[in-house]
Protein chains: 2
Amino acid sequence: NQSSQNTLFFLNTFLSSATNYTLATYLRHLTLHPHLAGTTPSLNTALYVKSHFESLNLQTHVTNYSVLLSYPLFSSVTLHFPNGSVLSLTLSEPGSSQNGVIKPYHAYSPSGSAYGKPVFLNYGREKDYVALSAQGVKINGCVGLARRGGGLSRNEVVEKAAARGVTAVLMFTDSESEYASGVERGTVMSGLGDPLSPGWGAGGEKLRLDDPRVMKRFPSIPSLPISMASAESILKSLEGADMPYEWRMSMKCSSSGRVGPGPFVVNFTYEGERKMATVHNVFAVIRGSEEPDRFVLLGNHRDAWTYGAVDPNSGTAALLDIARRYALLMRLGWNPRRTIILCSWDAEEFGMIGSTEWVEQNLVNLGSKSVAYLNVDCAVQGPGFFPSTTPQLDDLLTEITKKVNDPDSEGMTLYERWTTANRGIRIQRLSGVDSDFASFLHHAGVPSVDLYYGKDFPVYHTAFDSYSWMVNFGDPFFQRHVAVTGVWGLLALRLAEDPILPFNYLTYAVQLQDYTHILSDLLEGGISLHPITAAIQELAAAAIETLEEAKKLKDDETTDEHAGLKQRMLNDRLMLAERGFLDAEGLQGKPWFKHMVYGPRNDGESELDFFPGIANAISRSSGLNSKEHNEAIQHEIWRTARAIQRAAHALKGELT
Amino acid sequence: NQSSQNTLFFLNTFLSSATNYTLATYLRHLTLHPHLAGTTPSLNTALYVKSHFESLNLQTHVTNYSVLLSYPLFSSVTLHFPNGSVLSLTLSEPGSSQNGVIKPYHAYSPSGSAYGKPVFLNYGREKDYVALSAQGVKINGCVGLARRGGGLSRNEVVEKAAARGVTAVLMFTDSESEYASGVERGTVMSGLGDPLSPGWGAGGEKLRLDDPRVMKRFPSIPSLPISMASAESILKSLEGADMPYEWRMSMKCSSSGRVGPGPFVVNFTYEGERKMATVHNVFAVIRGSEEPDRFVLLGNHRDAWTYGAVDPNSGTAALLDIARRYALLMRLGWNPRRTIILCSWDAEEFGMIGSTEWVEQNLVNLGSKSVAYLNVDCAVQGPGFFPSTTPQLDDLLTEITKKVNDPDSEGMTLYERWTTANRGIRIQRLSGVDSDFASFLHHAGVPSVDLYYGKDFPVYHTAFDSYSWMVNFGDPFFQRHVAVTGVWGLLALRLAEDPILPFNYLTYAVQLQDYTHILSDLLEGGISLHPITAAIQELAAAAIETLEEAKKLKDDETTDEHAGLKQRMLNDRLMLAERGFLDAEGLQGKPWFKHMVYGPRNDGESELDFFPGIANAISRSSGLNSKEHNEAIQHEIWRTARAIQRAAHALKGELT
Ligand SMILES: [Ca+2]
Ligand SMILES: [Ca+2]
Ligand SMILES: [Zn+2]
Ligand SMILES: [Zn+2]
Ligand SMILES: [Zn+2]
Ligand SMILES: [Zn+2]
């Protein structure tokens, strides 16, 4: 019919309006200066995004929050050798400080000094301490050296070290790259959002800095990131116990093959300040013509540790180009059925602060009216398409990859190349708490997507993450930017336009069933997964019913006078089903995380990156006798089953 | 227009179809036998209600739950006087046991014996113990005698006594009535719903009886209810300290004017059993023609301690008569716009178990799709109209009372008599946790109403609450039943039919402002109510906008082709605003209670029967120094303010 013909025209126009050079221009502009959250250059990027939106005649606004950020004042690390020689570690990247790049630091690290023998902690995981202990290494009172990459957050690495008497932690990124002098900045705060307003939007109640609820967000000992080169100068001089075989085999940088402690001593000092700063979320709103109260959200953070060419402004360039292209469609007469909101977040690097405060402030409306949240952080890191979704969005994403050209192979669609490379469709899930989707999915239960091209880029959070790196290595011709922009923009278009939301919950049910099989292999006797499998059956049945209902509604669309209201009723169920996975109590010990299917594990080593309640109950085994342990797991199985049942109820929409 | 003409016709037909004799017939039938939850006669009432609904061709279903109930096995209380004489208290009402009336008991009381001197505890409030202590009365090891009525629940009376070393509690109802031999049964469980499934629907995970989460629901010492006559035989023989002047002046029964302990000794024994029983909720569903996914719920419990003529079957008769009259309208061609559900709950007397399990099981759909819950428990206790509502429903209720005839004065409307008696409109609020609305409002945030005629009826929970009491005293001609049925049925009709929901949130804002003034007089300096007053401003502004929008939509109804969708969007906001008052964390120490405006106080003596978080923070003063105390109150003020702000956001419907 007319309306779907129109939509098709606009979808095609969106695709054909792609341009590499606009993307390059936006990225160039955004990355001229380092723009750490809370600084003037960062405010300038907010104004740039705002004026871009405004110049396109999009309805634009900025929402500011005053939040607690953290900056370095002074740092030094010196090595004192038995022979009296002293080596001062280089803590900054070469030449970076005169350009306004912030000295490497860990945001929210406490200030402090330490003087102790160095010991290598590998990834700082529980099993690494077990290995050290097996070698007879005493680490109490030492300065720890840890490499990133074992599945723990920076906060967890520092806190686990502190619990064992380590007095300060040095962290480096072990890689084969030519960026040995690069230093990976990062936050060591636990939890998301402004530490002074845990669970509610900043701007109202503000906890004091010495409130225990604030203090527990920060590590108890100081830490600093160092370059691989600096790490090597420690590792190559370590004596003491032998490095465990597995560690040695996986090390990419050179070392003495020993873990310490000593024989030399590390003199560590870090001083930082925590201070209130204003962060700026910038929005462009394209108000829906028929259902203005249904929101499709596209989000990307804007703040960067340094220049942010990859992280996050490759995504920002994409967001600005989508704005340009949507504005073009609007000039051609387009108005989406539902409201589309482009969100440019601030202070993600400090702990998803901009997005989290906004989600906390708008929880009740987001919870009842959001269709989906589509995140893009590091849009382009290199080759290869790596999407993550909540499973009901798999079909839509797959369909869209068939419309977009592959950036790295002439004449192929993204779908063809992507599925060939992976021998099938390969979509990741969203249990990680590593970008702005976390508040939307884990706290508010909004179906989510996270897209990126390439992975594990070597200049992550270093001074080398610049426009020149992007044009030399990441995406010289910006065709990967074009591809990710196409997928992102089409996803939002379809979600905003399709009369019936393109959600397939049967995929969700199948995914949950797979999880159950993995879990089943892991669990011992006496624990029953039946509650979960029964709930999945309910979800699958509701999903099938819903798909049939959707088909019937599509067939009757033109003849039924109440079609609009009926679509809306079905869409309400499709939209709200994800919210069923939320549990009001949240995860044990992390009550802010409400989602029972996707969320953070307490144990970064756990094989289970789903059902976080169950995963955490399994890893909390120590200290419980087997009966209590099994009961705790069984209780989490019930909680997870009830969450899945709630999703099934929401999808079915009927009372018992 | 045509549709509103039609609606008017059906409203009038509903009103004119009232009959006293059908109500009397239903009540007679329901009260032929005592029908305590979990017993066969109770199942028969479920079948009666079910077959009534079915005979009217209403879509009917029964939802069963297996839950833990509690029944008495043996009880005896003897008084052993210093002169060697022994008096055995009569624990049952005269002649009641041969009729199948359950022996008076406290549901969920632990079994146990006690042998100790009696002491009179008055209402068992904190200040009563202060008064006893001031008189030098030692109560440790004594058997306590308490009268009902001080604002505490039975559970609280028993637990406060246990905390002071009392070994068993006897409870009586002090009144001037001729029912001195009546005994008030009741539950001593704390919290709502099946104790084995706290927070989730029964039928899945089931806690063990010895689980601490179960055990804490029950008192730690046994208790029994006794008649006023039995209480007098103790009170008249007490010696020891003088009864405080205030207590003596308010006592309706005779006493020695002393509080004990002793001189005689009470030998107390209670044995009961807790056992699994099946409870039956019966539903009739009138599916909405245009918005089947919006629910207007009418609920009443069906189970009774004895015959239940007042409590609750005067309400059940009304529910059955509404079913009859709605079925009549349907035969005349009526189909409501939204879905109407008639709910007949079981096991309310044990702790709102039937309704709570259902609400817990259906939380996600009720939370997103319920328009309102309209409760009637003891529909008719005597003369006088006593309605309670959440404030956005005041206007609708008032309007409806103008359509219904007053049952006690010829030629007057209910409105005229009601407002004359009270010199204006007098509507109570719903902080009490005393009938089935509690789960809907306090846990799920559904706008609620509770209606009754008369109050403080003398045969409450006794064997005398029978059909003959109703025809002799309560409502001889059933005209009060007719009135309450009219109000109840019209409320549901309007809520199911009005194209725009008849909610006025400005009334809510005004009510909240009044609360703030009361609070302001109570609080000391250093505590700011500004967060709340600012949030109320936001709510009031959103309410005014919404009223204007509703007016405009009504004016444009016939000309705007998208009117249906626009109404639905506005209605969604009106429907969801109440949900904003919910806080995911819930009340401190009572996390199941999520509503920050209406909910239970920890301190039954508190003047504040609103803002329970704040009220409880104020009454938790003991043990905190003033600074901490003020901070705790301020934190609850912030939590309450955020709840009001969420309601404002939901009503306004816009993101920041
Ligand atoms: Ca916050
Ligand atoms: Ca329950
Ligand atoms: Zn990023
Ligand atoms: Zn980053
Ligand atoms: Zn009742
Ligand atoms: Zn009752």
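Residues numbered from 1 in each chain as written. Chains lettered and ligands numbered in written order. Predicted model: local features only at pLDDT ≥ 70, side-chain atom pairs only at ≥ 80, totals over all residues. Heavy atoms only, no water.

## Thoughts on the overall build of chain A
Looking only at helices and strands, one finds 21 helices and 17 strands in chain A. Relative to the compact-globule value of 26 Å for 656 residues, chain A shows a C-alpha radius of gyration of 25 Å, a close match. Overall, chain A is about 90 × 60 × 50 Å in size when its C-alpha atoms are taken along their principal axes. Burial status across chain A gives 63% buried among its 656 residues. Surface exposure of chain A reaches about 23400 Å², of which carbon and sulfur atoms provide 51%. Considering chain A, the positive charge centre built from 58 side chains and the negative charge centre built from 71 side chains are found 2 Å apart. (Helix = DSSP H or I, 4+ residues; strand = E, 2+ residues; numbered from the N terminus. Rg over C-alpha atoms; globule rule 2.2 N^0.38 Å. Buried < 20%, exposed > 50% of the residue type's maximum accessible area, 1.4 Å probe, protein only. Areas by Shrake-Rupley, 256 points an atom, 1.4 Å probe, with all protein chains shown as cover. Lys, Arg positive; Asp, Glu negative; His and termini not counted. Charge placed at Lys NZ, Arg CZ, Asp CG, Glu CD.)

## Some remarks on helix 3 (residues 40-55) of chain A
Residues and elements named next belong to chain A. Here helix 3 spans 22 Å end to end across 16 residues, near enough to the 22 Å set by a 1.5 Å rise per residue. Listing the buried residues of helix 3 in full gives Ser42, Thr45, Ala46, Tyr48, Val49, His52 and Phe53. Along helix 3, the residues classed as buried sweep out an arc of 155° about the axis, all on the same side. Seen from the open side of helix 3, the exposed residues pointing more than 90 degrees away from its buried face are Thr40 and Ser55. The inward-facing, buried residues of helix 3 contact helix 2 (20-30), strand 1 (59-80), strand 12 (265-286), helix 9 (313-331) and strand 14 (338-345). Positive backbone phi, at 65°, marks asparagine 57, one or two positions downstream of helix 3. (Expected span 1.5 Å × (residues − 1). Arc of directions from axis to C-beta. Contact = heavy atoms within 4.5 Å.)

## A look at the coordination of the calcium ion (ligand 2)
All names here are of chain B. For the calcium ion (ligand 2), every protein donor is listed as Ser197 (O), Ser197 (OG), Trp200 (O), Glu357 (OE), Glu357 (OE) and Glu360 (OE), and the spread of their distances is 2.2 to 2.5 Å. Around the calcium ion (ligand 2), the six donor atoms are arranged such that angles at the metal cover 53 to 163°; this shape is classified as irregular. Here the donor residues for the calcium ion (ligand 2) map to a single chain with the spacing S-x2-W-x156-E-x2-E. Of this pair, tryptophan 200 sits in the loop between strand 8 (186-187) and helix 6 (212-215) while glutamate 360 sits in helix 10 (residues 353-361); the two residues are 160 residues apart in sequence, bridging distant segments of the chain. Across the pair, exposure class does not vary: tryptophan 200 and glutamate 360 are buried alike. (Donors = N, O, S within 2.8 Å, 3.2 Å for Na, K, Ca; no water. Tetrahedral: all angles 85-135°; square planar, octahedral: opposite > 155°, others 65-115°.)

## Points about the interface of chain A and chain B
Facing the 47 residues of chain A at the interface are 47 residues of chain B. Both faces combined, the contact of chain A with chain B buries some 3800 Å², and carbon together with sulfur accounts for 58% of it. It is Glu205, Leu655 and Thr656 of chain A in chain A that bury the most area against chain B; as a group they hold 18% of the surface buried on that side. Applying the counting criterion to the chain A and chain B interface returns eight salt bridges. Arginine 208 of chain B is the salt-bridge partner of glutamate 631 of chain A, the closest N and O atoms lying 2.8 Å from each other. (Buried area = accessible area lost by both parts, 1.4 Å probe. Salt bridge = Lys/Arg side-chain N within 4 Å of Asp/Glu carboxyl O.)

## Focus: empty space enclosed by the protein
Residue and element names in this part refer to chain A. Under the counting rule described, the total for this entry stands at five cavities of 30 Å³ or more. Size it by volume and the largest cavity reaches roughly 40 Å³. What lines the largest cavity is simply His106, Arg148, Arg154, Met171, Phe172, Thr173, Val183, Glu184, Pro225 and Ile226. Here the residues of the lining of the largest cavity are counted per class, giving five nonpolar, two polar and three charged. (1 Å grid on protein atoms, 1.4 Å probe; cavity = no way out; pocket = protein on both sides within 12 Å on 5 of 7 lines; lining within 4 Å. Points joined across faces, edges and corners; volume = space filled by probe spheres on them. Nonpolar A, V, L, I, M, F, W, Y, C, P; charged D, E, K, R; others polar.)

## Considerations on the packing of aromatic side chains
Residues and elements named next belong to chain A. Tallied over the entire structure, the rule returns 70 aromatic pairs over all chains. Summarising the aromatic geometry, the rings of tryptophan 345 and phenylalanine 440 are spaced 5.8 Å apart at their centres and angled 40° between planes, so their arrangement reads as tilted. Remark: phenylalanine 440 occurs in helix 14 (residues 437-443) and tryptophan 345 occurs in strand 14; sequence separation between them is 95 residues. Residue classification places phenylalanine 440 among the buried positions, given a relative accessible area of 0%. Judged by centre distance (5.7 Å) and plane angle (80°), the ring pair of tyrosine 515 and phenylalanine 611 falls under edge-to-face. Here tyrosine 515 is found in helix 17 (residues 505-522), whereas its partner phenylalanine 611 is found in the loop between helix 19 (563-577) and helix 20 (612-619), with 96 residues between them in sequence. Both residues of the pair, tyrosine 515 and phenylalanine 611, count as buried. An aromatic cluster is present here, built from Phe503, Tyr505, Tyr508, Tyr515, Phe581, Tyr598, Phe610 and Phe611 joined pairwise through their rings. (Phe/Tyr/Trp six-rings, centres within 6.5 Å; stacked < 30°, edge-to-face > 60°.)

## Here we look at the relation of the copies chain A and chain B
Rotating chain A by 180° and moving it 0.0 Å along the rotation axis overlays it on chain B with an RMSD of 0.1 Å. Both copies are brought into coincidence by an operation consistent with a two-fold rotation axis. Residue alanine 584 of chain A of chain A places its C-alpha closer to the rotation axis than any other residue of that unit, at 2.8 Å. Taken as a fraction of all interface residues of chain A, those also at the interface in chain B reach 100%, which identifies the copy contact as same-surface. (Least-squares fit on C-alpha atoms with pLDDT ≥ 70 in both.)

## Details of the coordination of the zinc ion (ligand 5)
All names here are of chain B. Looking at the zinc ion (ligand 5), one finds its protein donor set to be His301 (NE2), Asp311 (OD), Asp377 (OD) and Asp377 (OD), positioned 2.0 to 2.4 Å from the metal centre. Considering all four donor atoms around the zinc ion (ligand 5), angles at the metal cover 56 to 143° and the coordination shape is irregular. Between consecutive donors of the zinc ion (ligand 5), the numbers of intervening residues give the motif H-x9-D-x65-D. Metal-to-metal, the separation of the zinc ion (ligand 5) and the zinc ion (ligand 6) is 3.2 Å; aspartate 311 coordinates the two. Note that aspartate 311 is positioned in the loop between strand 13 (291-301) and helix 9 (313-331) and aspartate 377 in strand 15 (residues 370-380), a separation of 66 residues in sequence. A relative accessible area of 5% places aspartate 311 in the buried class.

## Some remarks on the sheet that holds strand 6 (residues 143-147) of chain B
Residue and element names in this part refer to chain B. Spatial ordering of the open sheet is given by 5-6-7-9, a layout of four strands whose pairing is parallel. The open sheet is flanked by strand 5 (118-120) and strand 9 (223-225), the only strands paired with a single partner. Shown here is a sheet whose adjacent strand axes are inclined to one another by a mean of 25°, direction ignored. Taken together, the three bridges between strand 5 and strand 6 define a ladder with parallel strand orientation. For phenylalanine 120, the partnering residue across the bridge sits in strand 6 and is leucine 145. (Pairing = 2+ DSSP bridges. Axes fitted to C-alpha atoms, helices over the stretch in contact; angles between N-to-C directions.)

## Section: the confidence of the model for chain A
Low pLDDT marks regions whose predicted coordinates should not be analysed in detail. Mean pLDDT over chain A stands at 95; residues scoring 70 or higher make up 99%. Interface confidence for the predicted complex, given as ipTM, is 0.94, next to a pTM of 0.96. (pLDDT = per-residue confidence, 0-100.)

## Focus on the environment of serine 70 of chain B
Residue and element names in this part refer to chain B. When you line up the elements, serine 70 lands in strand 1 (residues 59-80). Distance in space between the C-alpha atoms of serine 70 and phenylalanine 350 is 8.1 Å, their sequence separation being 280 residues. Engagement of the side chain of serine 70 in a polar contact is seen with the backbone nitrogen of tyrosine 108, the distance being 2.7 Å. (Polar contact = N/O pair within 3.5 Å; in protein donor to acceptor, adjacent residues only side chain to side chain.)

## Description of helix 18 (residues 530-556) of chain B
Residues and elements named next belong to chain B. When the terminal C-alpha atoms of helix 18 are compared, their 39 Å separation across 27 residues agrees well with the 39 Å that a helix rising 1.5 Å per residue should span. Listed as buried for helix 18 are Pro531, Ile532, Ala535, Ile536, Leu539, Ala540, Ala542, Ala543, Thr546, Ala550 and Leu553. Where the residues of helix 18 are buried, they touch helix 17 (505-522), helix 19 (563-577), helix 20 (612-619) and helix 21 (626-652).

## Re the side chain of arginine 494 of chain B
Topologically, arginine 494 of chain B is positioned in helix 16 (residues 479-497). Those residues in contact with arginine 494 of chain B that sit more than four places away from it in its chain are Leu11, Leu396, Glu399, Ile400 and Pro502 of chain B.

## Here's the deal with the pairing of strand 16 (residues 385-389) of chain A
All names here are of chain A. Of all five residues in strand 16, five are buried, a share of seventy percent or more. Neither face of strand 16 is exposed, since Phe385, Pro387 and Thr389 on one face and Phe386 and Ser388 on the opposite face are all buried. The pairing of strand 16 with strand 17 (residues 448-453) spans five bridges and is classified as antiparallel. Pairing of threonine 389 across the sheet is with valine 449, part of strand 17.

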